[in-house]
Amino acid sequence: MKLETTAADFSDEQKRYLEGFMSGLQVGRVGRLAGSAAAPAGKADPEPIGPDAAGFKAQDRIIASGKKLADQEKFKREEHPFDAYSRLKEQALTNAPPTPADNFRWRYYGLFYVAPNQTSYMCRLRIPNGILKHWQFAGVADLAERFGGGYSHITTRANIQIREIPPKHTVALLEGIQDIGLCSRGSGADNIRNVTGTPTAGIDPQELIDTREYAREWHYHILNDRSLTGLPRKFNVAFDGAGKIAVLEDTNDIAFAAVAVKDGFGVDAGVWFRLGIGGITGHRDFAKDTGIIVKPEDATKVADAIVRVFVDTGDRTNRLKARLKYVLDSMGVEKFLIAVEDKLGRKLVRAPTDAIAVRPKFDRMAHIGIHAQKQPELNWIGVVLPVGKLTCDQMRGLAKIAQDLGDGDIRLTVWQNLLISGVRNENVALAIAAIEKLGLAVQASQIRAGLIACTGNAGCKFAASDTKRHAAEIGDWCETRVAIETPLNIHLTGCHHSCAQHYISDIGLLAAKVPAGSDDDTVEGYHLYAGGGFGPDADIGQEVYRDVKAEDAPKTVEQLLKAYLTNRASADETFLTFSRRHDGEALRKLAEAEATP
C-alpha cells in the first residue's frame, strides 16, 4: 500500500520519519522473500505433502543421517518422471537420445534406452495376469512393425517387449499402446512391475481360485495411485491360483499362493491366499512363508500396506541392497509384519501349517501342447516360441487363430510362451495346422520345452553374452544327441539381474566374460549351475562349472545330461533329484567322464 502525504499534513521531521518507516518495511519484505527461498540455518524445511510425500520423507531421513542418496533417488527428487512427459515429446521431435537422468525417468513409461548395444529403446508393456485380447495382440504387432524392429519378445513375467524403437517413435508408440487398451506405465525402474497370475485362470480344472480379478484389481490400484511410485527399487507381485502351470510366485517380493484352509483351526475354512514376502532369486532367496493367510478380497489392501512399509524402510543409498529382501534381512520378518499391521490398521490372520491342505501339483509340460479345460469340450493349446521371440506376422496369425478358433484370449506365461484358450475339440487339429503354418509348433522335446533365455547382449547393456543365440545352439545340439524323457529346464541369463531365473532351473547358465587363453583377452561365456527348483522343490542351484566358453556350452550341457542318464538311480529319477544327490565337483567329474575322445 502506498502512503500519500501532502506538505500541509506533516512537518518536515514527520515526513523524514515516514520515509524511514517505509524504507524499513521494504527491507523487511525483501528479507522475508529471501527466507522463503532458502530457510535460515537451523530452520527445518517444509514438511513434504502430496502423493510423493512418503518417498521424499524417506529421502530426507537418509540425508539427515549424513548418507548420500543414490543417483536414481536424486533424479526422482529433482523431477518426478511423470512430470517430464513434455520433455520426452521434445526429444521425440528431434530424435534425440536421453540424458542419463532421463534414461532412468523414461523407464517409468516403460521405455529403456539400451545403448550401446542398440541406439534405440525397448518398450515393456503392462498386462495384468498376462492375458490380453486377440485384437490387442494384433495391435501390438502392428505397433512393433511400425515403430520398432518388427518383432516382439515374450518375457519371463508373462509380458511383451517391443525393441529397436528410435527416439522419434517413442511417444507415438506409447500413445498407440494406450489406443488399444493397454499401457506401459510403471513397467520399469522403481515401480511395481507387471502383475503375474495363473495363465490358465478360469479354465484350469485343478485351480483353487481364478486369479484374474485379483491381478486386475492390484493392476489398477497401482496405476491410479501415484504414491505407489516412490519405491526405493522395483517390486514384483504374483498371484498363483494353484493351476497346472507354475507362476513362480515365490520368486516375487509378494507371493499370493492360493491354498485350501481346513475346518477346525480357528479361521474360516475355504480358499485363501498364503502370503510370502521377499523373493528375489537373482540374490539367491525365495519369498519367505510368513504363516499369514489373506482373504482374496483383501489381497490389494495387504499388498498396499506391505509396499508402503517398503517405501518407508527401503535402502535409498545402495541400489544393490535396495530390494525388499534386504529390509527383511535387516529388521526381521516379524518386525516388518508388525509395521504392515500398523499401516493396515488391523492384525493379519495367521494359520498353522496343519491348517493348509496339500496344494495340487504343477504339470511342468502344461504350457506346451493340448490340454482339456474345465469347460466341457474346450481346450487350451500351448504354443512353443523359440526363446520367446515372435515376428509380427506370427503375432497377427496367432491372434487370428484365437479369434476364429478359440475364445479370443491370448494368455502369456512366465515360461516365455503363450496359450490359445477355448478351442473346441473339433477345431484342435485345425488350430494346430494353422499354428504350424506360421512356423511354430505345439509340441517340443523336454529340452526345447524348458529352454529359456533373457534378451542377452544383442539388446541389453548389462548382459555379458548373446543368451538367446546360445540357448538356440544348446537346444539344437542337445536335442538330437540326448534323449531326455522327464521335464527339464535350461535357463540362460545375461547378468546378475537374473531375468531368466538361472538359479532355479535344472541347469542354469549365468553369462560372464571368461578367459580366452593365456593373455588378458576374454570371450563370451558362462558359469553353469545345476539343481535349482521352484514351488515344492524350491532351491538355489549349485555351481558345477565356472568360465565355460559360449562355444563349449552346448557340449558341456550335453555331457552333463549324459552323465545323468548314465548314473541316475532309476529310469524315473529326474535330473533335479539326480543333481541334488551330488555336489558340484562330483557332477563335473561325472560329466567329464562322458566326454568323447
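See the structure printed just above.
Residues numbered from 1 in each chain as written. Predicted model: local features only at pLDDT ≥ 70, side-chain atom pairs only at ≥ 80, totals over all residues. Heavy atoms only, no water.

1. Topic: the side chain of threonine 170
1) Next: Among the structural elements, threonine 170 can be located in helix α7 (residues 170–179).
2) Next: Given the relative accessible area of 1%, threonine 170 is considered buried. (Helix = DSSP H or I, 4+ residues; strand = E, 2+ residues; numbered from the N terminus. Buried < 20%, exposed > 50% of the residue type's maximum accessible area, 1.4 Å probe, protein only.)

2. Describing the pattern of salt bridges
1) Next: This structure, assessed with the given rule, holds 45 salt bridges.
2) Next: Aspartate 60 is paired through a salt bridge with arginine 77; the nearest N and O atoms lie 2.5 Å apart. In this pair, aspartate 60 sits in helix α2 (residues 53–64) while arginine 77 sits in helix α3 (residues 71–78), placing the two residues 17 residues apart along the sequence.
3) Next: Linking aspartate 253 and arginine 323 is a salt bridge whose minimum nitrogen-to-oxygen distance equals 2.8 Å. Of this pair, aspartate 253 sits in the loop between β7 (237–240) and β8 (254–261) while arginine 323 is found in the loop between α9 (299–313) and α10 (324–331), placing the two residues 70 residues apart along the sequence. Each member of the pair, aspartate 253 as well as arginine 323, carries the same accessibility label: buried. (Salt bridge = Lys/Arg side-chain N within 4 Å of Asp/Glu carboxyl O.)

3. Considering helix α8 (residues 212–223)
1) Next: The end-to-end C-alpha distance of α8 is 16 Å, a good match for the 16 Å that twelve residues give at a rise of 1.5 Å each.
2) Next: Inspection of α8 places Tyr214, Ala215, Trp218, His219 and Ile222 among the buried residues, and these make up the whole buried set. Angular distribution of buried residues about the axis of α8 spans 135 degrees; they occupy a single face of the element. Away from its buried face by more than 90 degrees, α8 exposes Glu213 and Arg216.
3) Next: Elements that come into contact with the buried residues of α8 comprise β7, β9 (270–277) and α9. (Expected span 1.5 Å × (residues − 1). Arc of directions from axis to C-beta. Contact = heavy atoms within 4.5 Å.)

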